[in-house]
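Observations on the three-dimensional arrangement
In case you want the letters, here they are:
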Amino acid sequence: MELYQLKTFVAIAREGSLTRAAERVFTSAPAVSAQLKALEDELGVKLFERTPRGMVATEAGQTLLEEAERTLASAMRMRSAAEQIRGAAQGVVRFGTVVDPVALRLGEVLVKLAERHPQVSLQLQQGLSYQTLAAVQRGELDCALALNDAEAIEGLALHRLGVVDLVVTLPAALAEARPALKLEDLTELSWVGTPNSCVMRKHLDSLFASAGREYRPGRTADSEGAIRSMVASGLGPGLLRLDQAEQGERKGELKIWPGWRSHTWLCWVEPEGRRAPAVEAVRAAVLETWA
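What comes next is a walk through the structure. In this text, all values refer to a predicted model and were calculated from it rather than measured experimentally.

This part covers the side chain of E270. Residue placement: E270 occurs in strand β10 (residues 254-271). For E270, a relative accessible area of 2% gives the class buried. A distance of 3.2 Å separates polar atoms of two side chains, one belonging to E270 and the other to W268. Engagement of the side chain of E270 in a polar contact is seen with the side chain of R283, the distance being 3.2 Å.

In this section: the environment of A134. Its location among the elements puts A134 in helix α6 (residues 129-138). Sequence-wise, A134 and P258 are 124 residues apart; in three dimensions their C-alpha atoms are separated by 34 Å.

Turning our attention to the packing of aromatic side chains. Counting across every chain of the model gives 4 aromatic pairs. Geometrically, the ring pair formed by W191 and F208 is edge-to-face, given 5.6 Å between the ring centres and 70 degrees between the ring planes. Of the two residues, W191 sits in the loop between α8 (183-186) and β7 (192-193) while F208 sits in helix α9 (residues 199-210), which places them 17 residues apart along the sequence. Residue class for W191 comes out buried when judged on its relative accessible area of 3%. Taking the relative accessible area as the measure of exposure, F208 reaches 3% and is therefore buried. Among the aromatic residues, ring-to-ring pairing joins W191, F208 and Y215 into one connected group. For R105, the ring lying beneath its charged end belongs to W290, and the centroid distance is 3.8 Å.

Turning to its location among the elements, S233 is positioned in the loop between α10 (224-232) and β9 (238-241). Overall, S233 belongs to the exposed group, its relative accessible area being 55%. Here the alpha-carbon distance between S233 and A285, two residues 52 residues apart in the chain, equals 39 Å. Polar contacts involving the side chain of S233 include one to the main-chain carbonyl oxygen of S229, which spans 2.8 Å.

As a further point, take the sheet that holds strand β4 (residues 120-127). Spatially, 6 strands are ordered β4-β3-β5-β10-β6-β9 in an open sheet, and the strand pairing comes out mixed. Single-partner strands in this sheet number two, and they are β4 and β9. On average, each strand axis in the sheet is inclined to that of its neighbour by 30 degrees, with strand direction left out of account. As paired elements, strand β6 (residues 156-171) and β9 share 4 bridges and run antiparallel to each other. Counterpart to L166 in the pairing with β9 is R241.

Listing the buried residues of α6 in full gives S129, T132, L133, A135 and V136. In an axial view of α6, the angular spread of the buried residues amounts to 160 degrees, which keeps them on one side of the axis. Each element contacted by the buried residues of α6 is listed here: β3 (91-98), β4, β5 (143-148), β6 and β10. Positioned one or two residues after α6, G139 has a phi angle of 85 degrees, which is positive.

Attention now moves to the pattern of salt bridges. Under the defined criterion, the tally for this structure stands at 15 salt bridges. In this structure, the salt-bridge partner of K37 is D41, at a minimum N-O distance of 2.9 Å. Of the two residues, K37 and D41 both sit in helix α3 (residues 29-43), 4 residues apart, roughly one turn of that helix. D41 shares its class with K37; the two are exposed.

In the contact formed by helix α1 (residues 3-15) and α3, the axes pass within 9 Å of each other and the chain directions differ by 110 degrees. The angle between the axes of α1 and α3 places the two elements in the roughly perpendicular class. Residues Y4, Q5, L6, T8, F9 and I12 of α1 form the contact with α3, whose own contacting residues are V32, Q35, L36, A38, L39 and E42. Looking at the contact of α1 with α3 residue by residue, the classes come out as 8 nonpolar, 3 polar and 1 charged.

What counts and what doesn't
- Residues numbered from 1 in each chain as written.
- Predicted model: local features only at pLDDT ≥ 70, side-chain atom pairs only at ≥ 80, totals over all residues.
- Heavy atoms only, no water.
- Helix = DSSP H or I, 4+ residues; strand = E, 2+ residues; numbered from the N terminus.
- Buried < 20%, exposed > 50% of the residue type's maximum accessible area, 1.4 Å probe, protein only.
- Polar contact = N/O pair within 3.5 Å; in protein donor to acceptor, adjacent residues only side chain to side chain.
- Phe/Tyr/Trp six-rings, centres within 6.5 Å; stacked < 30°, edge-to-face > 60°.
- Lys NZ or Arg CZ within 6 Å of the ring centre and 35° of its normal.
- Pairing = 2+ DSSP bridges.
- Axes fitted to C-alpha atoms, helices over the stretch in contact; angles between N-to-C directions.
- Arc of directions from axis to C-beta.
- Contact = heavy atoms within 4.5 Å.
- Salt bridge = Lys/Arg side-chain N within 4 Å of Asp/Glu carboxyl O.
- Parallel < 35°, antiparallel > 145°, perpendicular 65-115°, else oblique.
- Nonpolar A, V, L, I, M, F, W, Y, C, P; charged D, E, K, R; others polar.

See below:
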């Protein structure tokens, strides 16, 4: 069996869909299906059941998934050790970023890498911060930029790069019709929220708690772009980064409610321990750009 087959196996298990798994491993759905069949034939067991909810791992699939993840992690450690022996900063770095990047200054980072380490290239993968952090922990990403409140995360090295302000945004029509909205009024409205594990959700819960209320999930968006669009469409208030909110306000899509502001952090994250020269080169470029 090949490592790419194991990567495909893990991707299907994580995504529950051949199409999404194909996007994750940068290939086509038919290729993913063929790789899965080849792996099942070689192992002699059925790894997934096709259901109306998508691809669901069988009992054998669940057991072998853990082995596949361990094998991939071992392969990555071996590759990193070889790079350390060579002492060369070269190769592809799997770099995660948030879906709607804060001014990540990636242009500056890429310029520095091209000048100093032309043999290093970035394979950018975008996702929600909590998904990106989990991918780094699983060894699917070498490093990432993510929004996070914590000062430390088990198993990860974390470096705070800068503060990211968060604000409440209102549909333009709502802000115009009710210019004197108070916090208590806001918490009675139907909001556009985010998944429970998202850093934005924690701040939304905190906002409601400050009014003595509990946030009850309703409409949910999985990216800031989706939140901004849903707020602009009049579906309800939502939390956004200040830079995104100001863009929306300038375009007349929404209004910033002035009664609340919070913040989180844009962080550099990587696995704890010895890092490969290529990851060290990326890290140095990022930290220098944000210094």
